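Remarks on the overall topology
The chain contents come next:
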Amino acid sequence: MKNGSKLKNEFKKVFRMVVVTVIIVAVFSLLLGYLLINPKFFDNENHSPKGAVETILEKDGDEYVKIENGIHVATGFVDAPGMQETIQNCTNCHSSKLVIQNRMTKERWKTTIKWMQETQNLWDLGKNEDIIIDYLVTNYPPKEKGRRENLTNIEWYQLKD
Ligand code: HEC
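Residues numbered from 1 in each chain as written. Predicted model: local features only at pLDDT ≥ 70, side-chain atom pairs only at ≥ 80, totals over all residues. Heavy atoms only, no water.

Per an unreviewed UniProt entry, the chain goes by Monoheme cytochrome C and derives from Euzebyella saccharophila.

**A look at the nonpolar core**
Soluble, globular proteins show a tendency: their nonpolar side chains are buried together. Of all hydrophobic cores here, the largest spans 17 residues; its most connected members are F77, I113, Y135 and L136. Contributions of two or more residues to this core are made by α3 (83-90), α5 (106-119) and α6 (128-139). Top contributing element to this core by residue count: α6, with four residues. With near-sequence residues (within four places) excluded, L136 lies in contact with T86, V99, W109 and P141. (Core = buried A, V, L, I, M, F, W, Y, C linked by side-chain atoms within 4.5 Å. Buried < 20%, exposed > 50% of the residue type's maximum accessible area, 1.4 Å probe, protein only. Helix = DSSP H or I, 4+ residues; strand = E, 2+ residues; numbered from the N terminus. Contact = heavy atoms within 4.5 Å.)

**Quick word on the side chain of H72**
Among the secondary structure elements, H72 is positioned in strand β2 (residues 71-72). Excluding residues that lie within four positions of it along the chain, H72 makes contacts with Y64, V65, K66, I67, F77, M83 and I87.

**Re the packing of α5 against α6**
The interhelical angle for the contact between α5 and α6, taken along N-to-C directions, is 130°, at an axis separation of 9 Å. Relative to α6, the element α5 lies oblique. Like other packed secondary-structure pairs, α5 and α6 cross with a definite hand, here right-handed. In this structure, α5 contributes K106, W109, K110, I113 and Q117 to the contact, and α6 contributes E129, I132, I133, D134, L136 and V137. A per-class count over the contact of α5 with α6 returns six nonpolar, one polar and four charged. (Axes fitted to C-alpha atoms, helices over the stretch in contact; angles between N-to-C directions. Parallel < 35°, antiparallel > 145°, perpendicular 65-115°, else oblique. Left-handed = near helix turned anticlockwise from the far one by under 90°. Nonpolar A, V, L, I, M, F, W, Y, C, P; charged D, E, K, R; others polar.)

**Some remarks on the UniProt feature "transmembrane region" (unreviewed entry) in the chain**
The UniProt entry lists residues 14-37 under the feature "transmembrane region" (unreviewed entry), expressed in the numbering used here. Between the end C-alpha atoms of residues 14-37 the distance is 34 Å, and the span holds 100% helix and 0% strand. (UniProt positions renumbered as here; feature names shortened; annotations may be inferred.)

**Observations concerning the packing of aromatic side chains**
Here the structure, examined in full by the defined rule, presents four aromatic pairs. Summarising the aromatic geometry, the rings of Y135 and Y140 are spaced 6.1 Å apart at their centres and angled 65° between planes, so their arrangement reads as edge-to-face. Counting every residue linked through ring pairs, the aromatic cluster contains F77, Y135 and Y140. (Phe/Tyr/Trp six-rings, centres within 6.5 Å; stacked < 30°, edge-to-face > 60°.)

If you want it as structure tokens, here you go:
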């Protein structure tokens, strides 16, 4: 009987080892499976808020310098000298579209900027003012034929009452 209980003990040992091995394998395959679904689990940057912010900034940074067909993609501004200064000073309060959809003479750009300074808290642009106005009037001047030409040969008719 002594031999028998010894065998039983051996068997118990082996059985325990098998159970432990199965558990370890199970845990590892779960982990592996999870990593396959979510490969970035160990990517530290994704967990620290700082890393996340940096990733966004980098992404924006790429987007922010992209120029396509002479147009700055992020703002829609024409890529020309003075664009940087214009972006830095003219897209803080309103969309660049508000700037782009306007076409003015130098005087009217100046007046618009002055109006914003007097009523909308636009800061003093310093030496950038000339750069920006030059940029604006060069790239967004009044259209030569902004309005249709006057109609000629109109046959007027009398409204009846
Ligand atoms: C401090 C805030 C601020 C900054 C910076 C700013 N603007 Fe404006 N701007 C405004 C506000 C407010 C309006 C009025 C928006 C509206 O009508 O919805 C406006 C309106 C405009 C308009 C439309 C004017 C009109 O008659 O409809 C133009 C064009 C314009 N801004 C150009 C510029 C340019 C060019 C710059 C850079 C030099 C600039 N803005 C920077 C606040 C600002």
